[in-house]
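Coordinate inspection notes
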Amino acid sequence: MVRFALTIVRHGETRYNKDKILQGQGVDEPLSATGFRQADAAGIFLSNIKFTHVFSSDLLRAKQTASTIIGKNKFCKDIVIQYDARLRERKYGIAEGRPLSDLKAMAKAAGEQCPSFTPSGGETLDEVRARAKNFFEFLCQLSIEEECQKEQAVLGMAGNGLETLEGKPVFPFRNQCCGLDLNSDTDKDTKMLNPNILVVSHGAYMRNWFGYFVLDLKCTLPSALKKSQLSSVSPNTGVSHFIINLGNGDVIKPEISCICLNRDDHLADVNTENV
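Residues numbered from 1 in each chain as written. Predicted model: local features only at pLDDT ≥ 70, side-chain atom pairs only at ≥ 80, totals over all residues. Heavy atoms only, no water.

**What to know about the layout of surface pockets**
Each pocket or cavity is described by its volume, and for the largest pocket that value is around 730 Å³. R10, N17, L22, L100 and V233 are, among the 32 residues lining the largest pocket, the residues nearest its centre. In terms of residue class, the lining of the largest pocket is built from 11 nonpolar, 12 polar and nine charged. (1 Å grid on protein atoms, 1.4 Å probe; cavity = no way out; pocket = protein on both sides within 12 Å on 5 of 7 lines; lining within 4 Å. Points joined across faces, edges and corners; volume = space filled by probe spheres on them. Nonpolar A, V, L, I, M, F, W, Y, C, P; charged D, E, K, R; others polar.)

Here's what the structure looks like:
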């Protein structure tokens, strides 16, 4: 059985985020001072997780966020962050660099709703979802290949089980689906999940990716999750966490459990500083 953990984090705030100006792919803004504080807070929250792989969008705001998060980690400060263009924000074409209100006005003039409207030169939602699907299937295949390598390594170890390969709890999350504390000793198998993957990406892209999980792959959700949360864009450095079960290597029909979606309680002190 192939299982892996997937943590997805939105990048920290930029000045364009604060001013509600669309960045998309064409505006490559760095993090603001607040954005770096948010990334620090996310890094501290995730500091006890021993990530095996880290992927990030190749846009600056995501790269800076990923680097800051890993810089706070207790186990993998030296891990190589892999930058992937498939994780970029949705492309907004002629609307990039312009206020969000302009995009809403364009959508209204076209007789469409804003989230589904595609400005000239932009990506459709289907195109964004295809990028997310392609990247997710890549992660699944990576996990299958590494499971095969791990099994071969274990066969060559005299009397050692998988637990010797990974002795630390990997989740700081409470399972909102059933109230199970994943840091307890009641679910040792969950602690041992490997690979344990961190991805840093963007708000609109993540919303489409999560939609693919729920609508296409029938991801199970926390019982307390509201529908409005599912359709909302993650706050800056919001954390979402999933457990993926590929059964016997089935990339087409994985079983996905959402542990938390767009979690932002690690930002309480950051938000207080900004009041």
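**Examining the pattern of salt bridges**
In total, this model carries eight salt bridges according to the counting rule given. For the salt bridge of R129 with D216, the shortest nitrogen-to-oxygen distance reads 3.8 Å. With R129 in helix α5 (residues 125–155) and D216 in helix α7 (residues 203–216), the pair connects residues that are 87 residues apart, well separated along the chain. Under the relative-accessibility criterion, R129 is labelled partly exposed at 22%. (Salt bridge = Lys/Arg side-chain N within 4 Å of Asp/Glu carboxyl O. Helix = DSSP H or I, 4+ residues; strand = E, 2+ residues; numbered from the N terminus. Buried < 20%, exposed > 50% of the residue type's maximum accessible area, 1.4 Å probe, protein only.)

**Digging into the side chain of T14**
Positionally, T14 belongs in the loop between β1 (3–10) and α1 (15–18). A distance of 2.9 Å separates a polar atom in the side chain of T14 from a polar atom in the side chain of Q23. Not counting chain neighbours up to four residues away, the residues in contact with T14 comprise Q23, E29, P30, L31, S32 and R61. (Polar contact = N/O pair within 3.5 Å; in protein donor to acceptor, adjacent residues only side chain to side chain. Contact = heavy atoms within 4.5 Å.)

**Quick look at the side chain of T68**
Here T68 is to be found in helix α3 (residues 60–71). Residue T68 is classed as buried on the basis of its relative accessible area of 14%. When residues no more than four places from it in sequence are discounted, the contact partners of T68 are F36, A39 and D40.

**Some details on the packing of helix α2 (residues 33–45) against α3**
Think of two packed helices as two axes; the pair is described by the angle between the axes and how far apart they sit. Between α2 and α3, whose axes approach to 8 Å, the crossing angle comes to 40 degrees. Considered as vectors, α2 and α3 are oriented oblique to each other. Seen from above, α2 lies across α3 with right-handed handedness. Two secondary-structure elements touch here, α2 through F36, A39, D40, A42 and G43 and α3 through Q64, T65, T68 and I69. Across the contact of α2 with α3, the residue classes tally to four nonpolar, four polar and one charged. (Axes fitted to C-alpha atoms, helices over the stretch in contact; angles between N-to-C directions. Parallel < 35°, antiparallel > 145°, perpendicular 65-115°, else oblique. Left-handed = near helix turned anticlockwise from the far one by under 90°.)

**Topic: the sheet that holds strand β3 (residues 81–83)**
Here we have six strands laid out as an open sheet, ordered β3-β2-β4-β1-β5-β6, and mixed in their pairing. The two strands at the open ends of the sheet, each matched to only one other strand, are β3 and β6 (255–263). If you compare each strand with its neighbour and ignore which way they point, the axes differ by 20 degrees on average. Where β1 meets strand β5 (residues 239–245), seven bridges bridge the pair, whose relative direction is antiparallel. When the bridges of β5 are listed, V9 appears paired with V239. (Pairing = 2+ DSSP bridges.)

**Remarks on α2**
Along its 13 residues, α2 runs 19 Å from first to last C-alpha, staying within 8% of the 18 Å computed at 1.5 Å per residue. Among the residues of α2, T34, G35, Q38, A39, A41, A42, G43 and F45 are the ones counted as buried. (Expected span 1.5 Å × (residues − 1).)

**A word on the packing of aromatic side chains**
Applying the stated rule across the entire model yields 11 aromatic pairs. Aromatic pair F136 and Y212: ring centres 6.4 Å apart, planes at 75 degrees, arrangement edge-to-face. Of this pair, F136 sits in helix α5 while Y212 is found in helix α7, placing the two residues 76 residues apart along the sequence. Judged by its relative accessible area of 1%, F136 is buried. (Phe/Tyr/Trp six-rings, centres within 6.5 Å; stacked < 30°, edge-to-face > 60°.)

**A closer look at unusual backbone geometry**
The backbone phi angle of K20 is positive, close to 60 degrees, even though this residue is not glycine. One can find K20 in the loop between α1 and α2. Given the relative accessible area of 59%, K20 is considered exposed. If you check the backbone angles, T237 has positive phi at about 60 degrees while not being a glycine. Position of T237 among the secondary structure elements: in the loop between α8 (227–231) and β5. Residue T237 is classed as buried on the basis of its relative accessible area, which comes to 0%.

**What to know about the nonpolar core**
Side chains of a nonpolar character, in soluble globular proteins, are inclined to be buried together. The biggest cluster of nonpolar side chains holds 33 residues, and the ones touching the most others in it are F4, L6, F136, V199, W209, F213 and F242. At the level of secondary structure, the elements contributing two or more residues to this core comprise β1, α5, β4 (196–201), α7, β5 and β6. When residues in this core are grouped by element, the largest group, eight residues, is from α5. Apart from residues no more than four positions distant in its own chain, L6 is found in contact with F136, L139, I197, V199, W209, F213, S240, H241 and F242. L46, I49, I69 and V239 belong to the second-largest nonpolar core, a separate cluster that totals 16 residues. (Core = buried A, V, L, I, M, F, W, Y, C linked by side-chain atoms within 4.5 Å.)

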